[in-house]
Amino acid sequence: MVMEQYFKNLRKKIGHEEIIMPGVAGILFDETHQKVLMEQRGDAEIGWSLVGGMQNLGESAPTSLIHEYKEETGIDVKIKALIGVDTNFHHTFPSGDKAQIPMFLFEVERVGGTLIADGDETLSLKFVPLSEQPKMYNKQHQLAIDQISNQVPYGWYL
């Protein structure tokens with residue numbers, strides 16, 4: 001992965017200092033619009049995660065999200081709408097690396113492919129009912145699910 005190498009090279013120079021890492025995530029509803037596709041992560045993070053990742057250098061946020069869906073879930077998606085933007089999330093990864101992660105959250109629609117976890121970044125995939133108030137792996141993803149559950153109109157930003 002190009003971005004993994006980019007961040008590894010950057011971390012060699014600055015260590016664990018906080019950096020800005022633009023993130024992308026997507027909401028894929030089931031046909032009832034009551035469940036959202038979530039993943040069990042393959043790293044040391046605990047809890048559910050939205051499908052997403054870091055925006056790739058040289059790509060737009062929507063293009064990066066489309067690539068993340070294909071890599072992590074095996075499915076092809078198209079962007080339906082920008083749901084919201086969270087710009088002030090700070091995270092410390094299990095490695096000790098620190099980052100501020102502005103996240104662009106999109107609603108996506110499935111247009112092809114076969115749903116299957118990649119077995120690396122994603123251990124399993126499941127459509128989780130929003131009514132269960134799923135526990136997310138970090139506050140930013142929890143905010144996104146809470147906004148969706150509370151039916152906050154699209155276009156929110158923080």
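Thresholds applied
Residues numbered from 1 in each chain as written. Predicted model: local features only at pLDDT ≥ 70, side-chain atom pairs only at ≥ 80, totals over all residues. Heavy atoms only, no water. 1 Å grid on protein atoms, 1.4 Å probe; cavity = no way out; pocket = protein on both sides within 12 Å on 5 of 7 lines; lining within 4 Å. Points joined across faces, edges and corners; volume = space filled by probe spheres on them. Helix = DSSP H or I, 4+ residues; strand = E, 2+ residues; numbered from the N terminus. Nonpolar A, V, L, I, M, F, W, Y, C, P; charged D, E, K, R; others polar. Pairing = 2+ DSSP bridges. Contact = heavy atoms within 4.5 Å. Axes fitted to C-alpha atoms, helices over the stretch in contact; angles between N-to-C directions.

S.K.: Is there a simple way to think about the layout of surface pockets in this case?
M.R.: Over the atoms rolls a probe the size of a water molecule, and in doing so it shows where empty space is left. Space inside the largest pocket adds up to approximately 1000 Å³. Put simply, the parts of the chain that give the lining of the largest pocket at least two residues each are helix H1 (2–14), strand E2 (23–27), strand E3 (35–41), strand E5 (51–54), helix H2 (61–73) and helix H3 (139–149). Of the residues belonging to the lining of the largest pocket, the class tally is 14 nonpolar, eleven polar and twelve charged. Counted as a void, the second largest pocket has a volume near 260 Å³. Lining the second largest pocket are Phe29, His33, Gln34, Leu130, Ser131, Gln147, Ile148, Ser149, Gln151, Val152 and Tyr154. Of the residues assigned to the lining of the second largest pocket, the class counts are five nonpolar, six polar and no charged.

S.K.: I'm lost on the sheet that holds E5 in this one. Help?
M.R.: Through backbone hydrogen bonds, the strands of a sheet pair up, either in parallel or in antiparallel fashion. If you walk across this open sheet you meet the five strands as E5-E2-E9-E6-E11, and the pairing is mixed. Two strands close off the open sheet at either side, each with one partner strand: E5 and strand E11 (156–157). Pairing between E2 and E5: four bridges, direction antiparallel. Each residue of the ladder has a partner; that of Val24, found in E5, is Gly53. Contacts from H2 reach E2, E5, strand E6 (75–86) and strand E9 (103–113) within the one sheet, and its direction differs from that of E5 by about 120°. Across the face of the sheet, H3 comes into contact with E2, E6, E9 and E11 while running at roughly 70° to E9.

Don't take any of this as a statement about function, it's just geometry.
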